[in-house]
Amino acid sequence: MNVKKQVGRTAQVQPDSRELELINRFSRKPLEAQEVYTFAVRLCDNEIDRDGERFEADTLEELAKLFVGKTGIFDHQWTAAGQTARLYRTEVVEEPGVMTAAGDMGRFLKGYAYVLRTPGNEELIAQLEGGILREVSVGCAVKQAVCSVCGKQAGACAHRKGEIYDGELCYTSLRGAADAFEWSFVAVPAQPKAGVLKHKGYHAMKELAGKEGWAEDVEQLEKQAELGRRYLAALRREVVRLNGLTGEGVEHGVMERIADRLGEGELLELRRVYAEKAAKRYPVMTQLGHGGQEREQPADGAFLI
């Protein structure tokens, strides 16, 4: 599952001998301090962002290792001509006194990048120093995106990001770093503090919608996803209704919360069981008998067929 998160702000770093040693791991010839321009950038953090998603602390640690050596580009356009800088060091930084909306200490992934001081990069360096190029976005892949309320795969349950369930904010938690692709200078960040543009499978589809030949396919997939969500919601309502008819003793609100945590297979089985019990409790009666034998008319005089 691919992810793009816009996060970062940049700050200049003066290269000492240690920094130069790390930088020279990626150069074909030893570079001197006067040949490079170095700066630090906030890549991504563990706060719930504008998309209702967050990287877990362990995921940040895993991404820190994967992003070393990754190139910086513009707007996630994967072309060699767009390569501008390279990360030579990363670290996860704790923010004492900062608590995330999820209730844990704030942490962010900090990257250290270098640019060659060449005539062609003078404008780039000027824009970095002038604060024009400031927000960045990371492109990476995570193994799981799970619902914070029920722990299921995001999109496989009825919970919606940004809504409150039993006093708990629903968001998507990004777990397990699978790969790091690149980081980009962008205009609009998704994470309020860092401005990181995140890019997961379904976010990737939104971006594909703007590319030639993909808009119709993406629109169709979104329609199918919405139909699936409606189907599961209707199935959950039916299970809750049948539970009430059976008189099983499970309170309505409790049953709703239980149904919210079940998948399609479990809901279909419950519907079958509850439907059988409801049919036994409320058997269908007919007014007309068979073979000349009359059935007793219900007390309320209703005509049953």
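An account of the accompanying structure is given in this report. (Residues numbered from 1 in each chain as written. Predicted model: local features only at pLDDT ≥ 70, side-chain atom pairs only at ≥ 80, totals over all residues. Heavy atoms only, no water.)

1. Here's the deal with the environment of Ala180
Inclusion rule: The way it works is that DSSP assigns letters per residue, a run of H or I at least four long becomes a helix, a run of E at least two long becomes a strand, and they are numbered from the N terminus. When checking whether two residues touch, look at their non-hydrogen atoms; a contact exists if any pair is within 4.5 Å.
Mapped onto the elements of the fold, Ala180 is located in strand 11 (residues 172-185). Not counting residues up to four positions away in its chain, the partners in contact with Ala180 are Leu66, Phe67, Lys70, Gly139 and Cys140.

2. With respect to the environment of Val239
With respect to the helices and strands, the residue Val239 is situated in helix 5 (residues 215-246). Along the backbone, Val239 and Ala275 are 36 residues apart, and their C-alpha atoms lie at a distance of 8.7 Å. Setting aside anything within four residues of it in sequence, one finds Val239 in contact with Met255, Leu267, Leu270, Arg271 and Tyr274.

3. Observations regarding the pairing of strand 11
Counted only if it meets this: Partly exposed residues are those whose accessible area sits between 20% and 50% of the maximum for their type, while under 20% is buried and over 50% is exposed, using a 1.4 Å probe and protein chains only. Two strands make a pair as long as DSSP finds a minimum of two bridges between them.
The buried fraction of strand 11 amounts to 10 of the 14 residues, a majority that puts the element mostly inside the structure. Pairing of strand 4 (residues 53-55) with strand 11, which is carried by three bridges, proceeds in the parallel orientation. Looking at the pairing, Glu53 lines up with Thr172 of strand 11. Relative to strand 11, strand 5 (residues 71-74) runs parallel, the two being bridged by three bridges. Residue pairing in the sheet places Phe74 in a bridge with Phe185 of strand 11. By the bridge criterion, 11 bridges tie strand 8 (residues 136-147) to strand 11 in an arrangement that is antiparallel. Residue pairing across strands places Ala141 opposite Asp179, the latter belonging to strand 11.

Structural measurements only, silent on function.
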